[in-house]
Amino acid sequence: MDEKEPFSIKRVGYEVYEEDGAVSRSFNRKFDFLNYKGAVKVIEYAYYLDYDIQHLYDLEHIWIYLDEKDNLVGAEGSYHGRFLRATLPEFTSVYKKDEMDEEYLVHDGTMARVIYPDGSRLIMYSQPGKHAMLASPRLMHLYPELFEACTRLAGISGLDAPEEYLKDIHITEEENRKVVEYIKENFVFEPSMRFEENEIKHEDYIPLAELKREIPGYIKKQLEDIEVTPRSMNTRQCIVRED
């Protein structure tokens, strides 16, 4: 993550899919194993942060495709509601198992492909403030508001989360403006574009279903810190008249 990144990863939800065409349980997509020759399963990592620099709530993703021997044969990262390939020439970096100098170059008929042996660790870079997951910081410059999002355009969306997490969380437009101002006042920064490894504790990796149950509580906690009280749609206000 960027050296000046104001947010940290709170939890990582994980899920393993072993069926080609399976639908992600936390992202609007299906998995296509045929994009990565030899893939027999994909591990989904969902990274929860309390904030994106432009709104309260953020969930980003990295997907790792493995072959039958658990070698890494492909990977993708979330990119502003879409996903981009993370294993590509001249951009991908890995910590290789046993400090190997080379990847495995596999010839399959007339084709050649690269795999990374079981135990290798893919290096991914988080876009400053926005947290899109990319194979290289150079790719971040494709995003037109790379720097503006962290300064002039910070906080613009207020509370912005999927409806499944907001069933009992409802705030007014005025309260949402408080969220906008809170982000602007506390988190605006100039990205350094210098990146350092972000350590995630083992206990912060939890099953995806468990993370999804926890997210509404995380959102409510942040709203309370901003002094905004979320209300349920089922809450009725009674007006008492005295004649």
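Shown above is the structure to which this text applies.
Residues numbered from 1 in each chain as written. Predicted model: local features only at pLDDT ≥ 70, side-chain atom pairs only at ≥ 80, totals over all residues. Heavy atoms only, no water.

A.B. asks: Is there a simple way to think about the pairing of strand β3 (residues 55-66) in this case?
C.D. replies: Remember that side chains alternate between the two faces of the sheet whenever the strand is regular. The buried fraction of β3 is high, at 12 of 12 residues. Pairing of strand β2 (residues 41-52) with β3 involves 11 bridges; the strand directions are antiparallel. Bridge pairing in β3 links valine 42 to tyrosine 65. Here β2 folds back onto β3 in antiparallel fashion, the turn holding 2 residues. Summarising the sheet, β3 and strand β12 (residues 158-159) pair through 2 bridges and their orientation is parallel. Each bridged residue has a counterpart across the sheet, and for histidine 55 the counterpart in β12 is glycine 158. Of the pairings in the sheet, the one linking β3 to strand β4 (residues 72-79) comprises 5 bridges and is antiparallel in character. Paired with tyrosine 65 across the two strands is glycine 74, which belongs to β4. Hairpin remark: β3 followed by β4, antiparallel, with 5 residues in the connecting loop; positive phi at aspartate 70, about 65°. (Buried < 20%, exposed > 50% of the residue type's maximum accessible area, 1.4 Å probe, protein only. Helix = DSSP H or I, 4+ residues; strand = E, 2+ residues; numbered from the N terminus. Pairing = 2+ DSSP bridges.)

A.B. asks: I'm lost on helix α2 (residues 208-225) in this one. Help?
C.D. replies: An α-helix turns once every 3.6 residues. As a result, residues three or four positions apart point the same way. Here α2 is 18 residues long and its end C-alpha atoms lie 26 Å apart, about the 26 Å a rise of 1.5 Å per residue gives. Where α2 bends most, at glutamate 214, the angle is about 30°, and the proline proline 216 comes one to four residues later. On its buried face, α2 sits against β1 (11-17), β2, β3, β12, α1 (173-187) and β13 (205-207). Looking at the residues trailing α2, positive phi occurs at glutamate 227, about 70°. (Expected span 1.5 Å × (residues − 1). Bend = angle between axes of the 7 residues up to and from the residue. Contact = heavy atoms within 4.5 Å.)

A.B. asks: Honestly, unusual backbone geometry in this entry has me stumped. Any pointers?
C.D. replies: For residues other than glycine, phi is negative in most cases, and the peptide bonds are mostly trans. We note that tyrosine 57 has phi near 100°; this positive angle belongs to a residue other than glycine. Here tyrosine 57 falls in the buried class, since its relative accessible area comes to 8%.

Note that all results are geometric; they support no functional claim without further evidence.
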